[in-house]
Amino acid sequence: MSSIGTGYDLSASQFSPDGRVFQVEYAMKAVENSGTAVALRGKDGVVFAVEKLVTSKLYEAGANRRIFNIDTHIGMAVAGLLADSRQIVETARTEASNYRAEYGGNIPVKYLADRVAMYKHAYTLYSAVRPFGCSVALGSYDEIDGPQLYMVDPSGVSFGYLGCAMGKARQAAKTEMEKLKLKDMTCLELIKEAAKIIYIVHDEVKDKHFELELSWVGATTQGRHQKVSQEVFAEVERYAKSALEDDSDSGNDDM
Amino acid sequence: MECVLGIACNDFVILASDMTNAHSILVNKQDEDKMFKLSDRLLMAVTGESGDTTQFAEYIEKNIQLYKMRNGYELSPPAAANFTRRNLADSLRSRSPYMVNFLLAGYSERTGPELYWMDYLASMIKTPFATHGYGGMFSIGIMDRYYRPDLTEQEAYEILKKCVAEIQKRLIINLPNFQVKVLDKDGIHALGVIKSQNLTA
């Protein structure tokens, strides 16, 4: 799998003989090195949970957030190079603002995901720039269309999801997600499960300290995307930590 | 001078526009269609500078269709109205602004039937009933008197007939024909043309 694209991997404007654009694949590798982020779509909302790895105890708590607001009704969680992601956030915010100026209302999240995907794709076409080393998940809720979740990867491809994961433990996270019946779960159930997934897939050996970031948008928040409140956060964290202990007790670790 | 009338009720929006096309003292035709179908659920009745009307209406119509082709769904009536107003506002401070006044009727499951009044200065209001032109000045009082949100299509048509009768009685300019179209959940339907000889009969 890890092949060297010698000579064909120097710029995004080159194809390899077997039809790959290596720069884009390397960008996806950059995403795989970042802390895990999961997003789940349920019956009445979308939740985001991010494992924000903290490499030093000297950092201020709550610095370098990885979940952002786009307008009031869309949440964006990012994985990959944080500086690259910040530019995508700015672009998305500008798109939403322009849409409001032109059409007088909230930008539909599918439309925004398409625009972000087009933007990221443009950076995969030229040798003068490099692709964005970040994946972003966009989620929103409104009464008519319900909850919607989209993810855009560095190649500029976007899909709609019931549940998506990005970052280092995304395979493990996906496995956990597939056990859940996401379609029938409420926001509160989802956010507990999302936090639990983050705790389960977090690698205690390699990445000791992490901060959990949680946010949601749904019927409970009246369609506004926001960080979960202190009380909900505490309750969810307790659930996730205790579920983690139950899981290890049930012996799914290698002895 | 041209005249357009519009009434929005719980289940439909009905628009009426005169059919006279004139240059100064010369009448070119008495059967012009001044209503433009922007989409299956959007209808615009336009008055103003001849030429600007068609250019602007067709520009908006094509852009609304383009949005639908690009994104797979239609703009809602509020979004379409705001988009139209934005274009009018941008053109206002350009070298040659569009001189158009119009009523935009829209229907969607989300919002129901809506009527927007817009003028050449890019002002916009959403309103239950509205008019443009000198004929409108006679009509708005009649609409104030008889409007109810739960009117049937036939009742609203009767109100429009009253307005047209008044215009034909009191407006110095002769506007013999008025075209009437209604927009409801099943799309756009043309109702009969109100002709002056039928009213005085």
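Residues numbered from 1 in each chain as written. Chains lettered and ligands numbered in written order. Predicted model: local features only at pLDDT ≥ 70, side-chain atom pairs only at ≥ 80, totals over all residues. Heavy atoms only, no water.

What follows covers the overall build of chain B. Within chain B, the secondary structure is distributed over five helices and 12 strands. For a compact globule of 201 residues, the expected C-alpha radius of gyration is about 17 Å, and chain B comes in at 16 Å, within 12% of that figure. Taken along its principal axes, the extent of the C-alpha atoms in chain B is 50 × 40 × 25 Å. Going through the 201 residues of chain B one by one, you find that 48% of them count as buried. When contacts within chain B are restricted to residue pairs at least 6 apart in sequence, long-range pairs at least 24 apart make up 59% of them. Accessible area of chain B: about 9900 Å², with a carbon and sulfur share of 50%. Where the 22 positive side-chain charges of chain B centre and where its 24 negative ones centre are 2 Å apart. (Helix = DSSP H or I, 4+ residues; strand = E, 2+ residues; numbered from the N terminus. Rg over C-alpha atoms; globule rule 2.2 N^0.38 Å. Buried < 20%, exposed > 50% of the residue type's maximum accessible area, 1.4 Å probe, protein only. Contact = heavy atoms within 4.5 Å. Areas by Shrake-Rupley, 256 points an atom, 1.4 Å probe, with all protein chains shown as cover. Lys, Arg positive; Asp, Glu negative; His and termini not counted. Charge placed at Lys NZ, Arg CZ, Asp CG, Glu CD.)

Attention now moves to the pattern of salt bridges. All names here are of chain A. Counted according to the given criterion, the structure contains 30 salt bridges over all chains. Across the salt bridge formed by Lys179 and Glu176, the nearest N and O atoms sit 3.2 Å from each other. Between Lys241 and Glu237 there is a salt bridge, with its nearest N and O atoms 3.8 Å apart. Of this pair, Lys241 and Glu237 are both found in helix H6 (residues 230–249), four residues apart, which corresponds to roughly one turn of the helix. Classification of Lys241 by relative accessible area gives partly exposed; the value is 40%. In the salt-bridge network here, residues are joined through shared partners; they are Asp18, Arg20 and Glu25. (Salt bridge = Lys/Arg side-chain N within 4 Å of Asp/Glu carboxyl O.)

A word on the interface of chain A and chain B. Counting from both sides, the interface comprises 10 residues of chain A and, opposite them, 10 residues of chain B. Summing both partners gives a buried area of about 880 Å² for chain A against chain B, and 54% of it is carried by carbon and sulfur. Looking at the side of chain A facing chain B, the largest losses of area belong to Glu102(A), Tyr103(A) and Tyr111(A), adding up to 54% of the total buried there. One can count two salt bridges joining chain A with chain B. One salt bridge in this structure joins Asp142(A) and Arg110(B), with 3.8 Å as the shortest N-O distance. Per-element tally for the side of chain A that touches chain B: the top contributor is helix H2 (residues 82–103) of chain A, with four residues. For the side of chain A that touches chain B, the class distribution of residues is six nonpolar, one polar and three charged. (Buried area = accessible area lost by both parts, 1.4 Å probe. Nonpolar A, V, L, I, M, F, W, Y, C, P; charged D, E, K, R; others polar.)

Here we come to the nonpolar core. Counting residues in hydrophobic clusters, the biggest one holds 46 residues, and the most contacted among them are Ile70(A), Met76(A), Leu112(A), Leu138(A), Met44(B), Leu75(B) and Phe102(B). Among all residues touching Ile70(A), those that are not within four sequence positions of it are Met76(A), Val89(A), Ala92(A), Arg93(A), Ala96(A) and Leu112(A). Counting residues in hydrophobic clusters, the runner-up holds 27 residues, among them Ala195(A), Phe210(A), Trp216(A) and Val232(A). (Core = buried A, V, L, I, M, F, W, Y, C linked by side-chain atoms within 4.5 Å.)

In this model helix H1 (residues 52–71) of chain B runs 28 Å from its N-terminal to its C-terminal C-alpha over 20 residues, within 8% of the 28 Å that 1.5 Å per residue would give. In this structure, the buried residues of H1(B) make contact with H2 and helix H3 (109–122) of chain A together with strand S5 (35–39), strand S6 (42–48), helix H2 (77–92) and strand S7 (100–108) of chain B. A positive backbone phi angle near 80 degrees is found at Gly72(B), which sits one or two residues after H1(B). (Expected span 1.5 Å × (residues − 1).)

All names here are of chain A. As a packed pair, helix H4 (residues 170–178) and helix H5 (residues 187–201) sit with axes 10 Å apart at the nearest point and diverge in direction by 140 degrees. Here H4 lies oblique to H5, going by the angle between them. When the axes of H4 and H5 are compared, the crossing they make is right-handed. Listed contacts from H5 to Ala172, Ala173, Glu176 and Met177 of H4 are Ile197, Ile200 and Val201. (Axes fitted to C-alpha atoms, helices over the stretch in contact; angles between N-to-C directions. Parallel < 35°, antiparallel > 145°, perpendicular 65-115°, else oblique. Left-handed = near helix turned anticlockwise from the far one by under 90°.)

This part takes up the layout of surface pockets. One number sums up the size of the largest pocket: a volume of about 910 Å³. Lining the largest pocket are 34 residues, with Pro108(A), Asp145(A), Tyr73(B), Ser76(B) and Arg110(B) sitting closest to its centre. Counting residues per element, the ones that place at least two in the lining of the largest pocket are H2, H3 and strand S5 (134–142) of chain A together with H2 and S7 of chain B. The element contributing the most residues to the lining of the largest pocket is H2(B), with four residues. The residue makeup of the lining of the largest pocket, split by class, is 15 nonpolar, 12 polar and seven charged. Together, 30 residues line the second largest pocket, and Glu2(B), Thr20(B), Ala22(B), Lys34(B) and Gly48(B) are the ones closest to its centre. Contributions of two or more residues to the lining of the second largest pocket are made by strand S3 (21–23), S6 and H1 of chain B. Tallied by class, residues from the lining of the second largest pocket come to nine nonpolar, 15 polar and six charged. (1 Å grid on protein atoms, 1.4 Å probe; cavity = no way out; pocket = protein on both sides within 12 Å on 5 of 7 lines; lining within 4 Å. Points joined across faces, edges and corners; volume = space filled by probe spheres on them.)

Non-glycine residue Gln222(A) carries a positive phi angle of around 55 degrees. Structurally, Gln222(A) can be placed in the loop between strand S9 (210–218) and strand S10 (226–227). Exposure remark for Gln222(A): the relative accessible area of 67% places this residue in the exposed category. The phi torsion at Ser24(B) lies on the positive side, around 55 degrees, for a residue other than glycine. Residue position: Ser24(B) is located in the loop between S3 and strand S4 (26–29). Classification of Ser24(B) by relative accessible area gives exposed; the value is 75%.

Glancing now at the confidence of the model for chain B. Across chain B, the average pLDDT comes to 94, with 99% of residues at 70 or higher. Across the assembled chains, the prediction reports ipTM 0.72 with pTM 0.84. (pLDDT = per-residue confidence, 0-100.)

Once that is clear, we can look at the sheet that holds S10(A). Residues and elements named next belong to chain A. The five strands are arranged S8-S1-S2-S9-S10 in an open sheet whose pairing can be described as antiparallel. Looking along the sheet, the strands with just one partner apiece sit at the ends: strand S8 (163–166) and S10. As judged from the five bridges shared by strand S1 (residues 37–41) and strand S2 (residues 45–53), these two strands associate in the antiparallel manner. Bridge pairing in S2 links Arg41 to Val46. Sheet contacts for H4: S1 and S8; angle to S8, the most-contacted strand, approximately 160 degrees. (Pairing = 2+ DSSP bridges.)

Attention now goes to the sheet that holds strand S10 (residues 129–132) of chain B. All names here are of chain B. Pairing is antiparallel in the open sheet, where five strands are placed in the order S10-S1-S2-S11-S12. In the strand order of this sheet, the two ends are held by S10 and strand S12 (187–195), each with one partner. Averaged over neighbouring strand pairs, the angle between their axes works out to 15 degrees when direction is ignored. Note that strand S2 (residues 12–18) and strand S11 (residues 177–184) share seven bridges and pair antiparallel.

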